[in-house]
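Coordinate inspection notes
Single-letter residue listing:
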Amino acid sequence: MAFRKLRADILFTGKELLYNHVLLISEEGIIEDILPFPDGMEGIETFTGILSPGFINCHCHLELSHLKGAIPEHTGLTDFIYAILTRRNSQVHTIDQAIALAEQEMLDNGIVAVGDICNTPLTLPQKQKQQLYYHHFIEVTGFNPAIAEQRFIQSQQLYQQFRQLTEKTGGHVSMVPHAPYSVSPELWTLLQQFSGSQLQTIHNQETAAEDEWFKHKTGGFKAFYDKVNMPADHFTPTGKSSLQSYYHRFNSKQPVILVHDVHTTTADVHYMQQLDQEQQRNSWICLCPNANQYISNTLPDIPMLIENNCKLVLGTDSLASNHQLNIAAEIRTIQAFYPQIPLVQLLQWATLNGAEALQISHQYGSFEKGKQPGVILCSSDLQSVKRII
Ligand SMILES: [Zn+2]
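What comes next is a walk through the structure. (Residues numbered from 1 in each chain as written. Predicted model: local features only at pLDDT ≥ 70, side-chain atom pairs only at ≥ 80, totals over all residues. Heavy atoms only, no water.)

Brief notes about the overall build of the protein
When its secondary structure is counted, the protein shows 13 helices and 15 strands. Relative to its length of 389 residues, the protein is compact, with a C-alpha radius of gyration of 21 Å against a globular reference of 21 Å. By principal-axis analysis of the C-alpha atoms, the protein measures approximately 75 × 45 × 40 Å. Put simply, the protein has 389 residues, and 57% of those count as buried. At a minimum sequence separation of 6, the contacts of the protein that also span at least 24 residues come to 72%. Counting only carbon and sulfur atoms, one obtains 48% of the accessible surface of the protein, whose full area is about 15,900 Å². Both charge centroids of the protein, one from 26 positive and one from 38 negative side chains, sit 4 Å from each other. (Helix = DSSP H or I, 4+ residues; strand = E, 2+ residues; numbered from the N terminus. Rg over C-alpha atoms; globule rule 2.2 N^0.38 Å. Buried < 20%, exposed > 50% of the residue type's maximum accessible area, 1.4 Å probe, protein only. Contact = heavy atoms within 4.5 Å. Areas by Shrake-Rupley, 256 points an atom, 1.4 Å probe, with all protein chains shown as cover. Lys, Arg positive; Asp, Glu negative; His and termini not counted. Charge placed at Lys NZ, Arg CZ, Asp CG, Glu CD.)

Some thoughts on the coordination of the zinc ion
The protein atoms donating to the zinc ion are His-59 (NE2), His-61 (NE2), His-203 (NE2) and Asp-317 (OD), with metal-donor distances spanning 2.1 to 2.6 Å. Each of the 4 donor atoms bound to the zinc ion contributes to angles spanning 84 to 171°, and the resulting shape is irregular. Read N to C, the donor residues that coordinate the zinc ion are spaced as H-x1-H-x141-H-x113-D. Judged by its relative accessible area of 1%, His-59 falls in the buried class. Overall, His-61 belongs to the buried group, its relative accessible area being 8%. (Donors = N, O, S within 2.8 Å, 3.2 Å for Na, K, Ca; no water. Tetrahedral: all angles 85-135°; square planar, octahedral: opposite > 155°, others 65-115°.)

Topic: the sheet that holds strand 9 (residues 172-177)
Strand order in the open sheet made by the 4 strands is 6-7-8-9, with parallel pairing throughout. Across the chains shown, the open sheet's two edge strands, defined by having one partner strand only, are strand 6 (55-60) and strand 9. Adjacent strand axes in the sheet meet at a mean angle of 20° when their direction is disregarded. Strand direction decides the pairing type here: strand 7 (residues 111-118) and strand 8 (residues 133-140), joined by 6 bridges, are parallel. Bridging across to strand 8, Asp-116 finds its partner in His-136. Set on the sheet, helix 2 (residues 92-108) makes contact with strand 6, strand 7 and strand 8; between it and strand 7 the angle comes to about 145°. (Pairing = 2+ DSSP bridges. Axes fitted to C-alpha atoms, helices over the stretch in contact; angles between N-to-C directions.)

Put into structure tokens, the structure is as follows:
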């Protein structure tokens, strides 16, 4: 059998950087082997830069792509959410076009798999084309306990539509809570009963106002709920941080991807790790640095998360809060603020860790025999990315 032989300045395997090695891969992109570069080997395709498995985008909202540039930067989260709620409706053909362009942008930027938040069926037609692997996260939202059941039934209908899609196209689907501040305990209970061992994700501690709300029932979310005329009488503050108020609600053994984590503290991480151990759960911290910069001009304490052995992955969030859907651009932002983090570690978050988080590491995330992870070529400064296979 004839294999393609690929070589570059650096071969990133998903776990380590190799120099002077050749990747042996079938025409279909199935990994055969990695060999030390032998003198005299013929037919080698040589590239300048870094060869890497395809990137994994663990957090996106493809259905918000038409809001690119529509919301000003640095408004803070509650004003951002308000802007989304009031502006998300648009002409369907505009939305469809924006979704198609955004997906193409991800393909061009070497992304092969996406964890995509869905509140609507708007992305179904594009996803039928099967250009990317998707885990569709059907997001459940409802702060008012009186509408928990109604909201849950609506989300279940959407879940069924995406379920039918996955039966034809592959991929996976799960029902997930939007954020700690937007899901009532009644709605959480319905989710717990439904979600079994499915992969979960949640927007976690994206703003300091979230912790203030749980601790004291004051701050930005108090103002937000007043502004949208949402009664909050039923909500009792816990006196604890957001994460320490809700994390116990995930079922045991249920993998969780916590997205943003801008205000997550060492105490929160320890609480999470303790519960994970007791409940035999895997959890991942998904960083969306460019979205944090866009919305609030801030970033999580990434060195603290590394020091505490959190499993880190990367996401772009949506074009409503990002100028591009590009994992390499997320890495560059982290490098600009935290230049001490080794490249190999950042690339592993973008590939193998992401694949493990989305439960697809049998195929994606690393150059190991039998996998079909996609092959991308990055310039050494990560300014350019292109798909090779
Ligand atoms: Zn998001």
